[in-house]
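Next come the chains, spelled out residue by residue.
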Amino acid sequence: MATLVDTNVLVDIAVRDPLWLGWSKAQLLSAAKRGAIVINPIVYSEFSVRYQRMEDVDLLLPEPDYSRENLPWAAAFAAGAAFRKYRQAGGGRDRVLPDFLIGAHAAIRGHTILTRDPKGYRAYFPSVELITPDTHP
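Each value, and the rule that gives it
All residue numbers here refer to positions counted from 1 along the written sequence of the relevant chain. Whole-chain, interface and lining totals are the exception, using all residues; otherwise, since this is a predicted model, local features are given only for residues with pLDDT of at least 70 and side-chain atom pairs are given and counted only at 80 or more. Excluded from the side-chain calculations are hydrogens and water; all other atoms, namely the structure's heavy atoms, are used. Only DSSP runs of H or I reaching four residues or more are called helices, and only runs of E reaching two or more are called strands; each is numbered from the N terminus. For the radius of gyration, the atoms used are the C-alpha atoms, and the globule rule reads 2.2 Å times the number of residues raised to 0.38. Note on classification: 1.4 Å probe, protein chains only; a residue is buried when its accessible area is under 20% of the maximum for its type, exposed when over 50%, partly exposed between these limits. Note on contacts: a residue pair qualifies if any of its non-hydrogen atoms lie within 4.5 Å across the two residues. Neither His nor the chain ends is counted toward charge; the positive residues are Lys and Arg and the negative residues Asp and Glu. To locate a charge, take atom NZ for lysine, CZ for arginine, CG for aspartate or CD for glutamate. For Phe, Tyr and Trp, rings pair up if their centres lie within 6.5 Å, where Trp contributes its six-membered ring, and each pair is then called stacked (planes under 30 degrees apart), edge-to-face (over 60) or tilted (otherwise). Residue types Ala, Val, Leu, Ile, Met, Phe, Trp, Tyr and Cys, when buried and joined through side-chain atoms within 4.5 Å, form a set referred to as a nonpolar core. Strand pairing follows a simple DSSP-based rule, namely that at least 2 bridges must link the two strands.

So, about the overall build of the protein. When its secondary structure is counted, the protein shows seven helices and five strands. Starting at the N terminus and ending at the C terminus, the protein contains elements arranged as β-α-α-β-α-α-β-α-α-β-α-β. Here the protein has a C-alpha radius of gyration of 14 Å; the compact-globule value for 137 residues is 14 Å, and the two agree. With the C-alpha coordinates of the protein rotated into their principal frame, the extents come out at 40 × 35 × 25 Å. Here the protein, with 137 residues, has 43% of them falling under the buried criterion. Residue pairs in contact within the protein that sit at least 24 positions apart in sequence constitute 62% of those at least 6 positions apart. Averaging the coordinates of the 16 positive side-chain charges in the protein and doing the same for the 15 negative ones gives two points 5 Å apart.

As a further point, take the packing of aromatic side chains. In total, this model carries eight aromatic pairs according to the counting rule given. Look at Trp-20 and Trp-23: their rings are 6.0 Å apart centre to centre, the planes differ by 80°, and that puts the pair in the edge-to-face class. The interplanar angle of 85° and the centroid separation of 5.8 Å between the aromatic rings of Tyr-86 and Tyr-124 together place this pair among those described as edge-to-face. Within this pair, whereas Tyr-86 is found in helix α5 (residues 73-88), its partner Tyr-124 is found in helix α7 (residues 119-124), the two being separated by 38 residues in sequence. On the basis of relative accessible area, Tyr-86 is assigned to the buried category, the value being 7%. Through pairs of rings, three or more aromatic residues link up here, namely Phe-83, Tyr-86, Phe-100, Tyr-124 and Phe-125.

Across soluble globular proteins, you tend to see nonpolar side chains buried next to one another. Ranked by internal contacts, the top residues of the largest apolar core, which has 35 residues, are Val-5, Leu-10, Ile-39, Leu-61, Tyr-66 and Leu-114. The leading source of residues in this core is helix α6 (residues 97-109), at five residues. Dropping the residues within four chain positions of it, Leu-10 is found in contact with Val-5, Ile-39, Val-43, Phe-47, Leu-61 and Tyr-66.

Moving on: the side chain of Glu-69. Within the fold, Glu-69 resides in the loop between β3 (67-68) and α5. Contact partners of Glu-69, with chain neighbours within four places excluded, come to Val-38, Ile-39, Asn-40, Pro-41, His-105, Arg-109 and His-111.

A separate point is the sheet that holds strand β5 (residues 130-131). Overall, parallel pairing links the five strands, which are arranged β3-β2-β1-β4-β5 in an open sheet. This sheet does not close on itself; its edge strands, each paired only once, are β3 and β5. As paired elements, strand β1 (residues 3-5) and strand β4 (residues 112-114) share three bridges and run parallel to each other. Directly across from Thr-3, in β4, lies its bridge partner Thr-112.

Here's what the structure looks like:
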């Protein structure tokens, strides 16, 4: 089964976060043993804001290790629908549309999500299996 990696996990590893590096690295390696590690353009763009050159990002996220998938059109629609529900329910600005795009991509493709921030995924994409600090300590 493929695992879509949330940006926060990749950043933990890239910046060697003292709190999360060990967990993120261990979970990424474990997920790689089970199947493909997937990123999409949303994750790539969120990750890349720390770098001046695309080549630097590609060195950190090499294509053989990180399978690149485009966002399916059905996922784009599902993300918009989930975001609309979130905003209609009084959701604030603490959740942004990219989170919904990542969640919908995983839901449509049947991917697991590796993340430290499961709240929105659990609420709006309950069918998606999650790898989180509370499910995989």
